[in-house]
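Structural characterization, general
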Amino acid sequence: MSAVRVRAALLTLLLGATAAPSQAETIKVMIDRLVYVPTEIEAKPGDEIEWINKDALVHTATVKGGADVLIPAKRSGRLLLKESGSFDYICRYHPNMKGRITVRP
Amino acid sequence: MTIRLTTAAAAIALIFAANGALGADKPTDPQIAHIAYTAGVLDIEAAKQAIATSKNKAVVEFAETMVRDHEAVNSQALDLVKKLNVTPEDNDTSKALSQAAEAKRQELAKLTGAEFDKAYVEHEVAYHKQVNGALETMLIPAAQNGELKSLLETGLKLFQGHQQHAEHVATELK
């Protein structure tokens, strides 16, 4: 690879690196005694949700026909949001646990 | 079948009501720990029977959750009694619960397929209803230790969820 091409590639990497992630956020949702807190969150595409499970029980964040994130006991689980829309989710193991994510561009 | 299920539920209700009515015989913390632990173990055994017998995905998934959750809560309970240096104490309520569970296990062992699924899930609804009632009206109010009370309260919330989950599976089976 020539020096010019390397420089060009580096520049692309740097620009790419500065453009997207600076805007994306990690949104934290706590799980405490079988409740998602906060229950409803707003986000934008590129954001990531981190569920932090304080319970001694395994939970999930599951969108019907969509994402299914396993959140082990006393651990966390993450989901990268790609599309806009409003998504209701539940815990597959404890279907009375309910939350909603609204993704707006 | 419905009559037999109702009888089992009524038997459990009576056991708890009798204990509650005695007033002075309110269970002690070591007895409460034993009752709560036993109730969990019995539900795990019932769930294992369902996992081995049922071919229904919703029923098996529900039973797997029962095993996972009750094992997690019982392990917390064991950690707590160890920390508090309490020895769980066997008592009439625990014994009656175990006897009722054994009778139910034998009854369910005679069933297969959809009949088994329906009977198991209906029993899970009734069982959680009764245990939750006992937690609310007898075990939680009687618990003296704050940490034990708090664990029972978390358990109640979880088991109320189990009851709703079982009710939902029961509707799907109809």
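Named according to an unreviewed UniProt entry, chain B is DUF4142 domain-containing protein originating from Sinorhizobium americanum.

For chain A, the name recorded in an unreviewed UniProt entry is Cupredoxin family protein, with Rhizobium fredii as its organism.

**So, the UniProt feature "domain: DUF4142" (unreviewed entry) in chain B**
With numbering aligned to this structure, UniProt lists the feature "domain: DUF4142" (unreviewed entry) at residues 28–168 of chain B. For residues 28–168 of chain B, the end-to-end C-alpha separation is 35 Å, with 88% helix and 0% strand making up the annotated structure.

**Regarding a nonpolar patch on the surface**
The grouping of Met30(A), Val35(A) and Val37(A) at the surface amounts to a nonpolar patch, some 190 Å² of accessible area in total. Within the secondary structure layout, Met30(A) lies in strand E1 (residues 26–31).

**Notes on the pattern of salt bridges**
All told, the structure shown has 14 salt bridges over all chains when counted by the stated rule. With its nearest N and O atoms 3.5 Å apart, the salt bridge here joins Lys44(A) to Glu25(A). In this pair, Lys44(A) is assigned in the loop between strand E3 (40–43) and strand E4 (48–53) and Glu25(A) in the loop between helix H1 (3–19) and E1, connecting sequence segments 19 residues apart. A relative accessible area of 45% means that Glu25(A) is categorised as partly exposed. Here Lys57(B) makes a salt bridge to Glu61(B), at a shortest N to O gap of 3.5 Å. Here Glu61(B) and Lys57(B) lie together in helix H3 (residues 57–84), a separation of 4 residues that amounts to about one turn.

**What about empty space enclosed by the protein?**
The probe, sized like a water molecule, is rolled over the atoms to show the empty space still left. Residues and elements named next belong to chain B. In the structure shown here, the tally under the stated rule is 2 cavities of 30 Å³ or more. For the largest cavity, the calculated volume is near 260 Å³. Lining the largest cavity are 22 residues, and of these Ala 36, Tyr 37, Val 73, Leu 152 and Phe 159 sit closest to its centre. Within the residue set of the lining of the largest cavity, elements represented by two or more residues are helix H2 (29–53), H3, helix H5 (113–142) and helix H6 (146–173). Among the residues forming the lining of the largest cavity, the class breakdown is 17 nonpolar, 5 polar and no charged. Taken as a whole, the second largest cavity encloses approximately 40 Å³ of empty space. Lining the second largest cavity are Ala 33, Tyr 37, Ala 77, Leu 78, Val 81 and Pro 88. Those elements that place two or more of their residues in the lining of the second largest cavity are H2 and H3. Among the elements that make up the lining of the second largest cavity, the one with the highest residue count is H3 (3 residues). Partitioning the lining of the second largest cavity into residue classes produces 6 nonpolar, no polar and no charged.

Thresholds applied
Residues numbered from 1 in each chain as written. Chains lettered and ligands numbered in written order. Predicted model: local features only at pLDDT ≥ 70, side-chain atom pairs only at ≥ 80, totals over all residues. Heavy atoms only, no water. UniProt positions renumbered as here; feature names shortened; annotations may be inferred. Helix = DSSP H or I, 4+ residues; strand = E, 2+ residues; numbered from the N terminus. Patch = residues over 30% accessible without salt bridge, like charges linked within 9 Å, V, L, I, M, F, W, Y side chains within 5 Å. Areas by Shrake-Rupley, 256 points an atom, 1.4 Å probe, with all protein chains shown as cover. Salt bridge = Lys/Arg side-chain N within 4 Å of Asp/Glu carboxyl O. Buried < 20%, exposed > 50% of the residue type's maximum accessible area, 1.4 Å probe, protein only. 1 Å grid on protein atoms, 1.4 Å probe; cavity = no way out; pocket = protein on both sides within 12 Å on 5 of 7 lines; lining within 4 Å. Points joined across faces, edges and corners; volume = space filled by probe spheres on them. Nonpolar A, V, L, I, M, F, W, Y, C, P; charged D, E, K, R; others polar.

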